[in-house]
Amino acid sequence: MVELREITQENYEECLSLKVAEHQKNFVSSTAHSLAQAWVSYHTAYPFAIYAEGRMVGFLMLGYYERKDQYTLWKFMIDERYQKRGYGREALGLGLEYLIDRFGAKEVYTAYLEGNRVARELYASFGFRETGEIEGNQVEMKWVVDGREL
């Protein structure tokens, strides 16, 4: 069972130790960088540790991008030791549920770096669709709430 938990004094150091595989490092921010962004954007950033079977397995940060009036899947990673077990898919669903339940989000945006096939395929399999917007080397995707169960 996967769950999202707040980052606290008790678990932040473990969160800082999460790592992706060497070939994925160009696609994902470190959790230290992400937590720094969350601290600076504390009123619009919602960081969570991802737990599975009582172990921290990843990191997810949701947010609200005020300038564009958009809810976002901002940061997302599963530690290299726990990839390919379905934890990311479950955590993504929980994150979307959080934005819907807490804020009434009707759509959620994210982006993947060009070349990150794994992220693109995961998001697409969940119903995210490319918007046609590319900023730098980030391809924007949008997920629209359509009433189906996550």
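Look a little higher up for the structure.
Residues numbered from 1 in each chain as written. Predicted model: local features only at pLDDT ≥ 70, side-chain atom pairs only at ≥ 80, totals over all residues. Heavy atoms only, no water.

1. Some thoughts on the packing of aromatic side chains
To keep it simple, the criterion reads: The criterion for an aromatic pair is that two Phe, Tyr or Trp rings (for Trp, the six-membered ring) have centres within 6.5 Å, with stacked assigned to planes under 30 degrees apart, edge-to-face to planes over 60 apart and tilted to the rest. Helix and strand definitions here come from DSSP, where helices need a minimum of 4 consecutive H or I residues and strands a minimum of 2 consecutive E residues; each element is numbered from the N-terminal end. The buried label goes to any residue with under 20% of its type's maximum accessible area, the exposed label to any with over 50%, and the partly exposed label to all in between, with areas taken from a 1.4 Å probe on protein chains only.
Following the criterion strictly, the structure yields 8 aromatic pairs and no others. Pairing Tyr46 with Phe103 gives two aromatic rings, centres 5.0 Å apart and planes at 35°, and the pair type is tilted. Of this pair, Tyr46 sits in strand β2 (residues 45-52) while Phe103 sits in helix α3 (residues 87-103), and the two are 57 residues apart along the sequence. Given a relative accessible area of 27%, Phe103 falls into the partly exposed group. Ring geometry for Phe128 against Trp143: centres 6.4 Å apart, planes inclined by 35°, an arrangement best described as tilted. Here Trp143 lies in strand β7 (residues 138-144) and Phe128 lies in the loop between α4 (117-125) and β6 (129-135), a separation of 15 residues in the sequence. Here Phe128 and Trp143 have matching classes, each one buried. One aromatic cluster is present, built from ring pairs that chain together Tyr46, Phe48, Tyr64, Tyr71, Tyr98 and Phe103.

2. Overview of the layout of surface pockets
In plain terms, the rule: A cavity here means a set of points on a 1 Å grid, drawn over the protein atoms and nothing else, where a 1.4 Å probe fits but cannot get out; a pocket is an open set with protein on both sides within 12 Å along at least five of seven lines, and a residue lines either one if it has an atom within 4 Å of a point. Grid points are joined across faces, edges and corners, and a volume is the space filled by probe spheres set on the points. Three categories are distinguished: nonpolar for Ala, Val, Leu, Ile, Met, Phe, Trp, Tyr, Cys and Pro, charged for Asp, Glu, Lys and Arg, and polar for the others, with Gly belonging to the last.
Its volume calculated, the second largest pocket comes out at about 170 Å³. Along its surface, the second largest pocket is lined by Ile7, Ala32, Leu35, Ala36, Ala38, Trp39, Tyr42, Ala45 and Pro47. At the level of secondary structure, the elements contributing two or more residues to the lining of the second largest pocket comprise α2 (31-40) and β2. Of the residues forming the lining of the second largest pocket, the biggest block, 5 residues, is contributed by α2. Grouping the amino acids of the lining of the second largest pocket by side-chain chemistry returns 9 nonpolar, no polar and no charged.

3. Looking at the pattern of salt bridges
Applicable threshold: Salt bridges are counted wherever a side-chain nitrogen of Lys or Arg sits within 4 Å of a carboxyl oxygen of Asp or Glu.
Counted by the stated rule, this structure contains 7 salt bridges. Between Lys25 and Glu22 there is a salt bridge, with the nearest N and O atoms lying 3.1 Å from each other. What makes Glu22 exposed here is its relative accessible area of 61%. The residue Arg120 makes a salt bridge to Glu121 at a minimum N-O spacing of 3.8 Å. A cluster of three or more residues bridged by salt bridges with shared partners is formed by Arg117, Arg120 and Glu121.

4. Structural notes on the sheet that holds β2
Rules: Here, strands pair whenever DSSP counts at least two bridges between them. Simply put, an axis is a line fit to the C-alpha atoms, just over the touching stretch for a helix, and the angle between two N-to-C directions goes from 0 to 180 degrees. Contacts are assigned to residue pairs with any non-hydrogen atoms lying within 4.5 Å of each other.
Ordered in space as β1-β2-β3-β4-β5-β7-β6, the 7 strands form an open sheet in which the pairing is mixed. Of all the strands in the sheet, the pair left with one neighbour each is β1 (2-6) and β6. With strand direction ignored, the average angle separating the axes of adjacent strands in the sheet is 30°. Most of the contacts of α2 go to strand β3 (residues 55-65), to which it runs at about 40°, and overall it touches β2, β3 and β4 (70-78). Against the sheet, α3 touches β1, β2, β3, β4, β5 (107-113) and β7, its axis set at about 155° to β4.

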